[in-house]
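One-letter residues, chain by chain:
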Amino acid sequence: MFELKQSGDEFHFNLKAQNGKVVLSSEMYTQKRGAKKGIASVKANAKEEQFDRRTSENGKPYFVLLAKNKKVIGTSEMYNYNDSRENGIRSVILNAPNAEVKEI
C-alpha cells in the first residue's frame, strides 16, 4: 500500500510491504499532485532494470528506484544484508504496480 502524507506544506509517500514495514520512501513534493505523479511513476517503473543498488557511507546496502530519465523516484531503508536489500526490491516489483493509495 502507498501511504500519501502531508507534512507541513509538503507531501510525500511511503510504499509499505504487507507486514506494514516501509519499503520505499519518496522525496518531498510541494504539491499533492506531484506526490501522486511520483506514485504513478513508481508503479510504472517497478522493474528490475530500474533499481540501482547502492551502499551507504557506513557500509549498509540500500536501493533507489530510478525513472527512465534516471531521476530518483524513491529510496529504500538501510539494510543489514544484501539479501535483505534484494527482498526489498522484489517486494517493490511484486506489490507496487497494483498497490492501493491511502491518503493519511
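Residues numbered from 1 in each chain as written. Predicted model: local features only at pLDDT ≥ 70, side-chain atom pairs only at ≥ 80, totals over all residues. Heavy atoms only, no water.

K.L.:
Got a minute to help me understand the overall build of the chain in this structure?
P.N.:
When its secondary structure is counted, the chain shows 2 helices and 7 strands. In the chain, the succession of helices and strands from N to C terminus is β-β-β-α-β-β-β-α-β. Over its C-alpha atoms the chain spans a radius of gyration of 13 Å, differing by no more than 12% from the 13 Å that the globule rule assigns to 104 residues. The principal-axis extents of the C-alpha atoms in the chain amount to approximately 35 × 30 × 30 Å. When burial is assessed residue by residue, the chain has 38% of its 104 residues classed as buried. The contacts of the chain with a sequence gap of at least 6 include a subset with a gap of at least 24, amounting to 45%. Just so you have it, the chain exposes about 6200 Å², and 46% of that area is on carbon and sulfur atoms. (Helix = DSSP H or I, 4+ residues; strand = E, 2+ residues; numbered from the N terminus. Rg over C-alpha atoms; globule rule 2.2 N^0.38 Å. Buried < 20%, exposed > 50% of the residue type's maximum accessible area, 1.4 Å probe, protein only. Contact = heavy atoms within 4.5 Å. Areas by Shrake-Rupley, 256 points an atom, 1.4 Å probe, with all protein chains shown as cover.)

K.L.:
Honestly, helix 1 (residues 32–45) in this entry has me stumped. Any pointers?
P.N.:
Every α-helix carries 3.6 residues per turn, so stepping three or four residues along brings you back to the same face. Over its 14 residues, helix 1 extends 20 Å from the first C-alpha to the last, a length consistent with the 20 Å expected when each residue adds 1.5 Å. Those residues of helix 1 hidden inside the fold are in contact with strand 1 (2–7), strand 2 (10–16), strand 3 (22–25), strand 5 (61–66), strand 6 (72–75) and strand 7 (101–103). (Expected span 1.5 Å × (residues − 1).)

K.L.:
So what exactly am I meant to see when it comes to the environment of Ile39 here?
P.N.:
Among the secondary structure elements, Ile39 is positioned in helix 1. Expressed as a C-alpha distance, the spacing of Ile39 and Phe2, which sit 37 residues apart in the sequence, is 7.6 Å. Excluding anything up to four places from it in sequence, Ile39 contacts Phe2, Leu4, Phe13 and Val101.

K.L.:
Looking at this structure, how should I read the pattern of salt bridges?
P.N.:
When the charged atoms of two side chains lie near each other, side chains of opposite charge can form a pair. Per the stated rule, a full pass over the model turns up 9 salt bridges. Measuring nitrogen to oxygen at the nearest pair gives 3.3 Å for the salt bridge that ties Glu3 to Lys16. Pair noted here: Glu3 is in strand 1 and Lys16 is in strand 2, with a separation of 13 residues, a long-range link. Taking the shortest distance from any N to any O, the salt bridge between Arg54 and Asp52 comes out at 2.8 Å. Owing to a relative accessible area of 27%, Asp52 belongs among the partly exposed residues under this scheme. Salt bridges here are not isolated pairs; linked through shared partners, they connect Glu48, Arg53, Arg85 and Glu86. (Salt bridge = Lys/Arg side-chain N within 4 Å of Asp/Glu carboxyl O.)

K.L.:
Please explain the nonpolar core as it appears in this structure.
P.N.:
The tendency in soluble globular proteins is for nonpolar side chains to be buried side by side. Among the nonpolar cores identified, the biggest contains 22 residues, and Phe2, Phe13, Leu15, Val42, Phe63, Val92 and Ala96 are the most heavily contacted of them. Broken down by secondary-structure element, the contributors of at least two residues to this core are strand 1, strand 2, strand 3, helix 1, strand 5 and helix 2 (82–95). (Core = buried A, V, L, I, M, F, W, Y, C linked by side-chain atoms within 4.5 Å.)

K.L.:
I'm lost on the packing of aromatic side chains in this one. Help?
P.N.:
What describes a pair of aromatic rings is the distance from one ring centre to the other and the angle between the planes of the rings. Within the structure shown, the criterion is met by 4 aromatic pairs. Summarising the aromatic geometry, the rings of Phe51 and Phe63 are spaced 5.5 Å apart at their centres and angled 70° between planes, so their arrangement reads as edge-to-face. Pair noted here: Phe51 is in strand 4 (residues 51–55) and Phe63 is in strand 5, with a separation of 12 residues, a long-range link. You'll find Phe51 and Phe63 in the same group, each marked buried. Here the aromatic cluster, defined as three or more aromatic residues joined through ring pairs, consists of Phe2, Phe13 and Tyr29. (Phe/Tyr/Trp six-rings, centres within 6.5 Å; stacked < 30°, edge-to-face > 60°.)

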